[in-house]
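What follows is each chain in one-letter form.
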Amino acid sequence: MSEVKIAAETRTEFGKGAARRIRRDSKVPGVLYGHGSDPLHLTLPGHELLLALRTPNVLIALDIDGKTNELAIPKAVQRDPLKGFLEHVDLLLVKRGEKVTVEVPVHTEGELAAGGNLLEHVLNALPVEAEATHIPESVTVSIEGLEAGASVLAKDITLPKGTTLAVEEDAVVLQVLAAQAEEAPEGEAAEGEAVAEA
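**What to know about the overall build of the chain**
Thinking step 1. Along the backbone of the chain there are three helices and 13 strands.
Thinking step 2. Burial status across the chain gives 33% buried among its 198 residues.
Thinking step 3. For the chain, long-range pairs separated by at least 24 residues make up 63% of all intrachain contacts whose partners lie at least 6 apart in sequence.
Thinking step 4. Summing over all exposed atoms, the chain offers an accessible surface of approximately 12,100 Å²; the carbon and sulfur share of this is 49%.

This is the structure:
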């Protein structure tokens, strides 16, 4: 996993007005917390942060006021519901070698068995524990040839070295549902036949 370096500034103004001013300057207010330290209020560059957050569980190397360097992972991201721009970010302080619990996206490969069956993602993301500097970006599961009624459990997923499950082994991650044929209501079919005869 790559680290993304971002320069951050400590923030002394708080409240809605201050947050609006920060966003007007194309920046994002945020909070860095963890390891029992007091929360540190930051201002981060909006565009750089947006690009970094495209990678799930990205490791961010923060250069704070050009004085201190800290490693962090995003814990909570608030976006404007209509425009999608970043409104606020919570960052969790991490140390090299430290284990953290995160959710990793689940991707699938292959085709289900013939018959129009449907794949249901019971868990879109798999909770795992991994070293902060080696968080996998995603896990991939083969669904090749799975038939209706089949399930993929958390314990069936191959995890990268150093990564362990942070969920019950028997938790269902994916399941295959039988396709349901759509039948026309009986009344409509009878009318259709009458029209054809006339």
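Read on for the rest.
**Thoughts on the pairing of strand β9 (residues 125-131)**
Thinking step 1. In this sheet, β9 lies alongside strand β7 (residues 99-109) in antiparallel orientation, the contact comprising seven bridges. In the sheet register, Glu103 faces β9, and the bridge partner there is Pro127.
Thinking step 2. Where β9 and strand β12 (residues 164-165) come together, two bridges link them in antiparallel fashion. Each residue of the ladder has a partner; that of Val128, found in β12, is Leu165.

**A short note on the nonpolar core**
In a soluble, globular protein the nonpolar side chains are often hidden away together inside.
Thinking step 1. In terms of nonpolar packing, the biggest core is built from 26 residues, with Ile73, Val94, Val100, Val102, Leu126, Ile157 and Val173 touching the most fellow members.
Thinking step 2. For this core, the elements supplying multiple residues, two or more each, are β4 (59-64), β5 (68-79), β6 (86-94), β7, β9, β10 (139-142) and β13 (172-177).
Thinking step 3. In terms of residues, this core owes the most to one element, β7, which gives four residues.
Thinking step 4. Among residues more than four places away in sequence, those in contact with Ile157 are Leu126, Val139, Val141, Val152 and Val173.
Thinking step 5. Core analysis: the second largest hydrophobic core is formed by 18 residues, Val28, Ala52, Ile60 and Val89 among them.

**Observations regarding helix α1 (residues 16-24)**
Thinking step 1. The complete set of buried residues in α1 reads Ala18, Ala19 and Ile22. Seen along its axis, α1 keeps its buried residues to an arc of 100 degrees; they face one direction. α1 presents Lys16 and Arg24 as exposed residues on the side facing more than 90 degrees away from its buried surface.
Thinking step 2. On its buried face, α1 is in contact with β2 (27-34) and β3 (37-45).

**A closer look at the sheet that holds β7**
Thinking step 1. Across the sheet, four strands lie side by side as β10-β7-β9-β12; this open sheet has mixed pairing. Only two strands of the sheet have a single neighbouring strand rather than two, namely β10 and β12.

Rules behind the numbers
Every chain's residues receive numbers from 1 upward, in the order its sequence appears when written. It should be noted that, the model being predicted, local features are given only for residues of pLDDT at least 70 and side-chain atom pairs only at 80 or more, the latter also being counted only at that level, while totals for whole chains, interfaces and linings use all residues. Side-chain numbers come from the whole structure's heavy atoms, not from hydrogens or water. Here a strand is any run of E in DSSP of at least two residues, a helix any run of H or I of at least four, and the numbering for each starts at the N terminus. Remark: exposure states derive from per-residue accessible area (1.4 Å probe, protein chains only) relative to the maximum for the residue type, with buried under 20%, exposed over 50%, and partly exposed in between. In this description, contact between two residues means that some pair of their heavy atoms is separated by no more than 4.5 Å. Using a 1.4 Å probe, the Shrake-Rupley method yields the accessible areas, and only the shown protein chains count as cover for residues. Being paired, for any two strands, means DSSP has found at least two bridges between them. Think of a nonpolar core as a cluster: buried Ala, Val, Leu, Ile, Met, Phe, Trp, Tyr and Cys residues, connected wherever their side-chain atoms sit within 4.5 Å. Picture the helix axis, draw a direction to every C-beta atom, and the arc is the one those directions span.

Geometry only, nothing functional implied.
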